[in-house]
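Observations on the model geometry
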Amino acid sequence: MVLALTVCGIVVALVVVGLFLFGLRRRLIQRSGGTFDCSLRWDIPEKPDAGGKGWSYGVARYNGDRIEWYRVFSYAVRPRRVLERAQIEVAGRRLPEGEEELALLSDAVVLACTHRGTRLELAMSEDALTGFLAWLEAAPPGQRVNVA
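No experiment lies behind these values; they were computed from the predicted model shown. Sequence order as written defines residue numbering, which begins from 1 separately in each chain. Per-residue local features of the predicted model are confined to residues with pLDDT of at least 70, and side-chain atom pairs are confined, for both listing and counting, to 80 or more; whole-chain, interface and lining totals are unaffected and use all residues. Derived side-chain values reflect all non-hydrogen atoms in the structure, with water molecules and hydrogen atoms excluded from consideration.

Here's the deal with the overall build of the protein chain
Put simply, the test is: Counting from the N terminus, the helices are DSSP H or I runs at least four residues long and the strands are E runs at least two residues long. Values of the radius of gyration come from C-alpha atoms, whereas the globule rule sets the reference at 2.2 Å times the count of residues to the power 0.38. Whether a residue is buried, partly exposed or exposed follows from its accessible area with a 1.4 Å probe, protein chains only, as a fraction of its type maximum: under 20%, in between, or over 50%, in that order. Here a residue-residue contact requires only that any non-hydrogen atoms of the pair lie within 4.5 Å. For the area figures, the Shrake-Rupley method with a 1.4 Å probe applies, and any residue is considered shielded solely by the protein chains shown. For the purpose of charge, His is not counted, nor are the chain termini; Lys and Arg are scored as positive and Asp and Glu as negative. Charge coordinates come from a single atom per side chain, which is NZ of Lys, CZ of Arg, CG of Asp or CD of Glu.
Looking only at helices and strands, the protein chain features 3 helices and 9 strands. Of the regular secondary structure in the protein chain, the N- to C-terminal order runs α-β-β-β-β-β-β-α-β-β-α-β. Computed over its C-alpha atoms, the radius of gyration of the protein chain comes to 19 Å, more than 25% above the 15 Å expected for a compact globule of 148 residues. If one aligns the C-alpha atoms of the protein chain with their principal axes, the spans along those axes are about 70 × 35 × 25 Å. Per-residue burial over the protein chain gives 32% buried out of 148 residues. Long-range pairs, those at least 24 residues apart, make up 53% of the contacts in the protein chain between residues at least 6 apart in sequence. Carbon and sulfur atoms form 58% of the exposed surface of the protein chain, whose accessible area is close to 9,100 Å². Of the side-chain charges in the protein chain, 19 are positive and 17 negative, and the distance between the mean point of each set is 9 Å.

Here is the structure:
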């Protein structure tokens, strides 16, 4: 009986520590400001699947001329993807289709882009999209910006 209670106590303590670390990591990412919720689908084919597959929920952070994208359900302290402003080309935007509506946040808008020749899609709220497009267009003089 004592062994079972000890094991249960250790399991509960590990779960609490794990949840605390998730929260601490998110707090550290958001500490410097300029963050927004953003789902990402990387290296998509020419005809993307509307089944909602391939989307990863994350947090994006503006950092100078880059956007750093972090997976939400990860303990990694480094960004999973880094998008450079000068390398992002916006191809268009659309509303989620089919099962994507279930895979993404309720008010999401999908932005089709390329980054260094890799096709990707970003899904974010309308407010975050407005900020993202303004950030793209606010590139320093001499940098090309490709916004469709």
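A few points about the pairing of strand 8 (residues 118-125)
The following threshold applies: What makes two strands pair is DSSP finding at least two bridges between them.
Judged by how many residues are buried, strand 8 sits mostly within the fold: 6 of 8 residues are covered. Direction of pairing for strand 2 (residues 39-42) relative to strand 8: antiparallel, over a ladder of 4 bridges. For R41, the partnering residue across the bridge sits in strand 8 and is E121. Taking the residues between adjacent antiparallel strands as the criterion, strand 7 (residues 108-115) and strand 8 are bridged by 2 residues, where R116 takes a positive phi near 55°.

A word on the packing of aromatic side chains
Selection criterion: Between 30 and 60 degrees the pair is tilted, below 30 it is stacked and above 60 it is edge-to-face, where a pair is any two Phe, Tyr or Trp rings, Trp via its six-membered ring, whose centres lie within 6.5 Å. Any Lys NZ or Arg CZ found within 6 Å of a ring centre and within 35 degrees of that ring's normal is scored as a charge over the ring.
Under the definition given, this model contains 3 aromatic pairs. Taking the centre distance of 5.4 Å and the plane angle of 50° together, the rings of Y62 and W135 count as tilted. Of this pair, Y62 sits in strand 3 (residues 58-63) while W135 is found in helix 3 (residues 126-137), placing the two residues 73 residues apart along the sequence. By relative accessible area, which is 11% here, W135 ends up buried. Here F132 and W135 contribute two aromatic rings whose centre-to-centre distance is 6.0 Å and whose plane-to-plane angle is 35°, an arrangement assigned as tilted. With F132 and W135 both in helix 3 and 3 residues apart, this pair spans about one turn of that helix. For F132, a relative accessible area of 0% gives the class buried. Ring-pair connections join several aromatic residues into one group, and the members of that group are F36, Y62, F132 and W135. The side chain of R81 reaches across the aromatic face of W42, ending 4.2 Å from its centre.

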